[in-house]
Amino acid sequence: MKRAILVCILSAGVVAAGCDVADGLTGSGGSGGAGGFGGAGGGEPPTETRWAISNVTTVSDDCNFGDLDGVFIIKTDGTMATMMLEEFVLDAETTEYSPELTEVPMAGSLVNDEFDLEFGCSVLLTEEFTLFLDDPTVSLPENSTLQVQWDHLEEDDSVNFGDCEGVWFVPLPCTTAEDFTLTKLAE
């Protein structure tokens, strides 16, 4: 139930921001720029791969998130890499990607203000992922499996600290940490 509510809340945040989940992930890259999505950053061509989650091990779950499941989309282009969970607004990025990396750290955050108008409650959701390549001799998109460490943090970000008490799903701050495998899906 919490996951369904968070999907609605986080999706509403993206819609309220006037953008689609994919906005910002593709584009012209300006006039070559630093190799952002669509840019000319050199090295590997831009990629988009889909990865299924399996072998989830919950390290801690104060946020009552439950086991992460679904499919991640991972995009690489120049020095930019992003990952986003389909059907659930959970994403992270790095601007320091390189095909030579054997570990790819990514991070992202989002303020959930779904309960702000009624209760004054805003929650900062922070994600940190570290992707470990199973085959370090090839780049991230060329791997068939990845090992992932995920750390999730929810913190009261209200104007008046404590406004989320009794409003949010769990007492804040809370953390969830999971390790899992990503297996690349056929294209």
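Remember, predicted model here, so these are calculated numbers, not experimental data.

Caption draft 1: How the structure looks around the packing of aromatic side chains. In total, this model carries 8 aromatic pairs according to the counting rule given. An angle of 0° between the planes, with centres 6.3 Å apart, marks the rings of Phe72 and Phe180 as stacked. Taken together, the residues Phe72 in strand β2 (residues 71-77) and Phe180 in strand β8 (residues 174-184) connect sequence positions 108 residues apart. Both residues of the pair, Phe72 and Phe180, count as buried. Each residue in the set Phe65, Phe72, Phe129, Trp150 and Phe180 is aromatic and connected to the rest through ring pairs, giving one cluster.

Caption draft 2: Representation of the pattern of salt bridges within the structure. For the coordinates displayed, the defined rule picks out 2 salt bridges. With its nearest N and O atoms 3.5 Å apart, the salt bridge here joins Lys75 to Glu48. Placement of Lys75 in strand β2 and of Glu48 in strand β1 (residues 47-61) is noted, with a sequence separation of 27 residues between them.

Caption draft 3: Geometry of the pairing of strand β7 (residues 145-156). The alternating pattern of β7 places Leu146, Val148, Trp150, His152, Glu154 and Asp156 on a buried face, while none of Thr145, Gln147, Gln149, Asp151, Leu153 and Glu155, on the opposite face, is buried. The pairing of β7 with β8 spans 10 bridges and is classified as antiparallel. For Gln149, the partnering residue across the bridge sits in β8 and is Asp179.

Caption draft 4: A look at the environment of Asn112. Locating Asn112 in the fold gives a position in strand β5 (residues 103-115). Taking the C-alpha atoms as reference, Asn112 lies 6.2 Å from Leu124; in sequence the two are 12 residues apart. Among the polar contacts listed, one links the side chain of Asn112 to the backbone nitrogen of Glu114, at a separation of 3.0 Å.

Caption draft 5: Just the state of the cysteines, in detail. For the coordinates displayed, the defined rule picks out 2 disulfides. The disulfide pattern of the protein is 1-4, 2-3 when the bonded cysteines are numbered in sequence order.

Caption draft 6: Representation of the pairing of β8. By the bridge criterion, 8 bridges tie β1 to β8 in an arrangement that is antiparallel. Counted as the bridge partner of Thr57 is Asp179 from β8.

Caption draft 7: Region of interest: the side chain of Glu178. Along the polypeptide, Glu178 turns up in strand β8. One polar contact links the side chain of Glu178 to the main-chain amide nitrogen of Leu68, over a distance of 3.1 Å. In contact with Glu178, not counting residues within four places along its chain, are Val56, Thr57, Thr58, Val59, Gly66, Asp67, Leu68, Val148, Gln149 and Trp150.

Caption draft 8: Just the confidence of the model for the protein, in detail. Here the protein averages 81 in pLDDT, while 77% of its residues score no lower than 70. In this model residues 1-41 is a low-confidence stretch, pLDDT under 50, and it forms 75 contacts with partners more than four residues away in sequence or in other chains.

Caption draft 9: Here's a closer look at the nonpolar core. In terms of nonpolar packing, the biggest core is built from 24 residues, with Phe72, Phe129, Leu131 and Leu182 touching the most fellow members. If you list the elements that add at least two residues to this core, you get β1, β2, β3 (80-85), β5, β6 (121-133), β7 and β8.

Caption draft 10: Molecular detail of the side chain of Asn143. Mapped onto the elements of the fold, Asn143 is located in the loop between β6 and β7. A residue is classified by how much of its surface remains accessible, and Asn143, at 1% relative accessible area, is buried. Of note is the side chain of Asn143, whose polar atom sits 3.0 Å from the backbone oxygen of Ser139. Residue contacts for Asn143: discarding those within four places in its chain leaves Trp51, Leu133, Asp134, Asp135, Val138 and Lys184.

Caption draft 11: How the structure looks around the environment of Met84. Relative to the elements of secondary structure, Met84 occurs in strand β3. On the basis of relative accessible area, Met84 is assigned to the buried category, the value being 10%.

Caption draft 12: A look at unusual backbone geometry. The omega torsion across Leu172 and Pro173 is 0°, close enough to zero to call that bond cis. Along the polypeptide, Pro173 turns up in the loop between β7 and β8. Although it is not a glycine, Asn55 adopts a positive phi angle of roughly 50°. Assignment of secondary structure puts Asn55 in strand β1. Among the residues examined, Asn55 registers a relative accessible area of 59% and is labelled exposed. A positive phi angle, close to 55°, is found at Asn64, a residue other than glycine. In this fold, Asn64 is placed in the loop between β1 and β2.

Rules behind the numbers
- Residues numbered from 1 in each chain as written.
- Predicted model: local features only at pLDDT ≥ 70, side-chain atom pairs only at ≥ 80, totals over all residues.
- Heavy atoms only, no water.
- Phe/Tyr/Trp six-rings, centres within 6.5 Å; stacked < 30°, edge-to-face > 60°.
- Helix = DSSP H or I, 4+ residues; strand = E, 2+ residues; numbered from the N terminus.
- Buried < 20%, exposed > 50% of the residue type's maximum accessible area, 1.4 Å probe, protein only.
- Salt bridge = Lys/Arg side-chain N within 4 Å of Asp/Glu carboxyl O.
- Pairing = 2+ DSSP bridges.
- Polar contact = N/O pair within 3.5 Å; in protein donor to acceptor, adjacent residues only side chain to side chain.
- Disulfide = S-S within 2.5 Å.
- Contact = heavy atoms within 4.5 Å.
- pLDDT = per-residue confidence, 0-100.
- Core = buried A, V, L, I, M, F, W, Y, C linked by side-chain atoms within 4.5 Å.

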